[in-house]
Amino acid sequence: MPVPRSDRVLNVVDLLDRPGASRRLDLSMGVPQDLGMTLVDVSEPLSLVGVVESVVDGLLVRGRVSATVRTGCARCLVDLDLVVACDVIELFCDPGRSDADDALEAGYEIREGSLDLDTLLRDALVPAVPYQPLCSPACQGLCGSCGANLNQADCGCVDLVTDPRWAALEGLRLADDAS
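Keep in mind the model is a prediction, meaning the values are calculated, not measured.

A. The arrangement of the nonpolar core in detail. Counting 32 residues, the largest nonpolar core has L48, V65, L115 and L120 as its most contacted members. Contributing elements (two or more residues each) for this core: β2 (22-29), β3 (41-55), β4 (58-72), β5 (79-92) and α1 (118-128). Tallying contributions element by element places β4 first for this core, with five residues. The residues touching L120, leaving out its near neighbours within four places in the chain, are L48, V61, V65, V88, E90, F92 and Y108.

B. Main features of the sheet that holds β3. Here four strands make up an open sheet; going across it, the order is β2-β3-β4-β5 and the pairing antiparallel. The open sheet has two free edges, formed respectively by β2 and β5, since each of these has just one partner strand. Each neighbouring strand pair of the sheet contributes to a mean axis angle of 10 degrees, computed without reference to strand direction. Judged from the 14 bridges that link them, β4 and β5 form a sheet pairing that is antiparallel. Directly across from T71, in β5, lies its bridge partner L80. Most of the contacts of α1 go to β5, to which it runs at about 135 degrees, and overall it touches β2, β3, β4 and β5.

C. Molecular detail of the pattern of salt bridges. Applying the stated rule across the entire model yields seven salt bridges. Salt-bridge contacts for D14 lead to R23; the nearest nitrogen and oxygen are separated by 2.6 Å. For R23, a relative accessible area of 24% translates into the label partly exposed. Taken together, the shared-partner salt bridges in this structure form one network comprising R70, D79 and D81.

D. Up close: the side chain of T119. When you line up the elements, T119 lands in helix α1. Here T119 is in contact with A106, G107 and Y108, once residues within four sequence places are set aside.

Scoring rules and cut-offs
- Residues numbered from 1 in each chain as written.
- Predicted model: local features only at pLDDT ≥ 70, side-chain atom pairs only at ≥ 80, totals over all residues.
- Heavy atoms only, no water.
- Core = buried A, V, L, I, M, F, W, Y, C linked by side-chain atoms within 4.5 Å.
- Buried < 20%, exposed > 50% of the residue type's maximum accessible area, 1.4 Å probe, protein only.
- Helix = DSSP H or I, 4+ residues; strand = E, 2+ residues; numbered from the N terminus.
- Contact = heavy atoms within 4.5 Å.
- Pairing = 2+ DSSP bridges.
- Axes fitted to C-alpha atoms, helices over the stretch in contact; angles between N-to-C directions.
- Salt bridge = Lys/Arg side-chain N within 4 Å of Asp/Glu carboxyl O.

Rendered as structure tokens:
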């Protein structure tokens, strides 16, 4: 099956079957179509800085992937631009030469002398994006009643959330109760 050519496909014919040979990487790439992150927009270009090395079992890609992502604060919903970066170490194997075909991880194959970096980028970036990004650690979020951003101003709403299990005791007044 032919590998679709894109800026995320790396030609490595010169490194195949040459253990010890390596090449520096400093790539700027587009965003893969199937990145699959809802509520997060990834800005182009993605960056991969590192090295691809020929080893006995295939080609080892080591480096750092970085990207700028736009998302919202988990508490106040303000737009955030975050730089997400993570280290990667992945082995790409030639499926025709591997003794254990079942050990090959999908997306990490050498096809027609090329490496398709889409899977590597997706597997690195998706878990690197913060699960609950915050504009600041002290973010106060939104008012549960009126929706005002409490980082900008106090809305004045009175938050009287009562546990419904205690509702029957709400009207009870004791003799020394001043209210």
